[in-house]
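Given next are the chains, with one letter for each unit.
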Amino acid sequence: MSLQYVVLATSIALVAIGVYGLTSSNNLVRQLLSIEVLFNGVVLLVAAIASANPGMLTLLLVILVSVVSGEVIIVMALVISMYRASRTLSSDVLEERGV
Amino acid sequence: MDVVLLLGVLVAIASVIVALLTVTLRDLVYSSSLLAVLGSLVAAFLALLGYYIVAAFIVIVYVGAAVMFIVLTVSMLGGGGVEARNNLRGVLAASVTLVAFTVALITLGIPPGTFPVNVDVRVVSDSLLSDYAVALVVLLVALAATVIEGISVARRG
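Keep in mind that what you see is a predicted model, and the values were worked out from it rather than measured.

Structural notes on the overall build of chain B
Looking only at helices and strands, one finds six helices and zero strands in chain B. The order of helices and strands in chain B, counted from the N terminus, is α-α-α-α-α-α. Seen along its three principal axes, the alpha-carbon backbone of chain B occupies a region of about 50 × 40 × 30 Å. Counting all 157 residues of chain B, 34% fall into the buried class. As displayed, chain B has an accessible area near 8,900 Å², and 74% of this comes from carbon and sulfur atoms. Taken together, the 6 basic and 7 acidic charged side chains of chain B have centroids lying 17 Å from each other.

As structure tokens, this is what we get:
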């Protein structure tokens, strides 16, 4: 057993847990949290597999984290906007409206 | 057993438990707080692998700003009504994902890596400010636009 396999196993588990949360709940915040769990799994997966050029991977991961931080801002702004409009965080309301 | 490997196993177990609690706890404030813990554990993993810059960046930018933003927003909004759950659908999707990823990794093969990796900070910073300077500027402009867009959307609602 090496550290690489431990990281790979953890990353796959995190991705699966993220998919579970994303598909099992209708709450928008819960779905965002699940996507973030999934993102953490993907970061670990990339770090464990693509170790041939660590300098390049460092740049890639820094850019990836920056972009995901921006995505969080947009999604939370949309969630606030939707909550003000319909007083609920359920994604079923969006389906009913045909969004 | 190697100390680094032992630490890795402990962090792995903690990560899986925290991730499970994040997606299953009823209280969204606790869930989002646990996401901050998960981000810190992933940063610990990256530090064990030798990616110290990325680990520091995740703790400062991702956990310190993005996840804290989620925690504060969720605290303001509350639960948002009753949450309907479909556990069967979730377990099925997670099982398919687990099998697909495992089969893909076994089929494609895992490139052997030597950890911890050796990242030269000087080379990374030189590369970021010379070869990837345009990408850096685009990223900064995009993030500034994102913040303005986020404030605009939240105020409009």
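From this point, things continue past the structure.
Regarding the side chain of A:Ser11
Residue and element names in this part refer to chain A. When you line up the elements, Ser11 lands in helix 1 (residues 3–24). Residue Ser11 is classed as buried on the basis of its relative accessible area, which comes to 1%. Within the structure, the side chain of Ser11 is placed 2.7 Å from the backbone oxygen of Leu8, a separation counted as a polar contact. Dropping the residues within four chain positions of it, Ser11 is found in contact with Gly41, Leu44 and Leu45.

Some details on the nonpolar core
By size, the foremost hydrophobic cluster in this structure holds 72 residues, and its most contacted members are B:Leu35, B:Leu46, B:Leu49, B:Tyr51, B:Ile58, B:Tyr62 and B:Ile70. Those elements that provide at least two residues to this core are helix 1, helix 2 (28–49) and helix 3 (54–86) of chain A together with helix 1 (3–24), helix 2 (28–49), helix 3 (52–77), helix 4 (87–108) and helix 6 (133–156) of chain B. Sequence-distant contacts of B:Ile58, that is, excluding residues within four places in its chain, are made with A:Val43, A:Val65, B:Gly39, B:Val42, B:Ala43, B:Leu46 and B:Val63.

So, the packing of helix 3 of chain A against helix 5 (residues 121–129) of chain B
In the contact formed by helix 3 of chain A and helix 5 of chain B, the axes pass within 10 Å of each other and the chain directions differ by 55°. When the axes of helix 3 of chain A and helix 5 of chain B are compared, the pair comes out oblique. The chirality of how helix 3 of chain A crosses helix 5 of chain B is right-handed. On helix 5 of chain B, the residues that touch A:Gly55, A:Thr58 and A:Leu59 of helix 3 of chain A are B:Val124, B:Ser127 and B:Leu128. Of the residues assigned to the contact of helix 3 of chain A with helix 5 of chain B, the class counts are three nonpolar, three polar and no charged.

Observations concerning helix 2 of chain B
All names here are of chain B. Between its first and last C-alpha atoms helix 2 spans 31 Å; for 22 residues at 1.5 Å apiece the expected length is 32 Å, and the two agree. You can read the cap of helix 2 off the contacts: a side-chain oxygen lies 2.9 Å from the backbone nitrogen of Val29, and it is on Asp27. In the segment just after helix 2, Gly50 is the residue with positive phi, at about 105°.

Details of the side chain of A:Ser69
Turning to its location among the elements, A:Ser69 is positioned in helix 3. Judged by its relative accessible area of 9%, A:Ser69 falls in the buried class. If we ignore the near neighbours within four places in the chain, the residues touching A:Ser69 are B:Val61, B:Tyr62 and B:Ala66.

Quick notes on unusual backbone geometry
All names here are of chain A. Its identity as a non-glycine residue notwithstanding, Arg87 has a phi of 55°, on the positive side. As for its position among the elements, Arg87 is in the loop between helix 3 and helix 4 (91–96). For Arg87, a relative accessible area of 58% corresponds to the exposed category.

Quick word on the interface of chain B and chain A
Interfaces are often described in size by the accessible area the parts lose on coming together. Every contact between the two is made by 79 residues of chain B and, on the other side, 68 residues of chain A. Taken as a group, B:Val23, B:Tyr62 and B:Leu77 account for 9% of the area that chain B buries against chain A, more than any other trio of residues on that side. For the interface between chain B and chain A, the tally reads zero salt bridges. At the junction of chain B with chain A, the criterion picks out twelve residue pairs in polar contact (both at pLDDT 80 or more).

A closer look at the confidence of the model for chain B
All names here are of chain B. Predicted confidence across chain B gives a mean pLDDT of 89, with 97% of residues reaching 70 or more. Within chain B, helix 6 has the poorest average pLDDT of any element, 87, and helix 1 the best, 95. Both scores are given for the predicted complex: the pTM is 0.91, the ipTM 0.92.

Notes on the packing of helix 1 of chain B against helix 2 of chain B
All names here are of chain B. With their axes 9 Å apart at the nearest point, helix 1 and helix 2 run at an angle of 160° to one another. When the interaxial angle is binned, helix 1 and helix 2 end up roughly antiparallel. Our pair here, helix 1 against helix 2, has a crossing hand that is left-handed. When helix 1 is examined against helix 2, the residues Val4, Leu7, Gly8, Val11, Ala12, Ala14, Ser15, Val18, Ala19, Leu21 and Thr22 are found in contact with a partner set consisting of Ser31, Leu34, Leu35, Val37, Leu38, Leu41, Ala44, Phe45 and Leu48. Residue composition of the contact of helix 1 with helix 2, grouped by class: 16 nonpolar, four polar and no charged.

What counts, and at which threshold
- Residues numbered from 1 in each chain as written.
- Chains lettered and ligands numbered in written order.
- Predicted model: local features only at pLDDT ≥ 70, side-chain atom pairs only at ≥ 80, totals over all residues.
- Heavy atoms only, no water.
- Helix = DSSP H or I, 4+ residues; strand = E, 2+ residues; numbered from the N terminus.
- Buried < 20%, exposed > 50% of the residue type's maximum accessible area, 1.4 Å probe, protein only.
- Areas by Shrake-Rupley, 256 points an atom, 1.4 Å probe, with all protein chains shown as cover.
- Lys, Arg positive; Asp, Glu negative; His and termini not counted.
- Charge placed at Lys NZ, Arg CZ, Asp CG, Glu CD.
- Polar contact = N/O pair within 3.5 Å; in protein donor to acceptor, adjacent residues only side chain to side chain.
- Contact = heavy atoms within 4.5 Å.
- Core = buried A, V, L, I, M, F, W, Y, C linked by side-chain atoms within 4.5 Å.
- Axes fitted to C-alpha atoms, helices over the stretch in contact; angles between N-to-C directions.
- Parallel < 35°, antiparallel > 145°, perpendicular 65-115°, else oblique.
- Left-handed = near helix turned anticlockwise from the far one by under 90°.
- Nonpolar A, V, L, I, M, F, W, Y, C, P; charged D, E, K, R; others polar.
- Expected span 1.5 Å × (residues − 1).
- Buried area = accessible area lost by both parts, 1.4 Å probe.
- Salt bridge = Lys/Arg side-chain N within 4 Å of Asp/Glu carboxyl O.
- pLDDT = per-residue confidence, 0-100.

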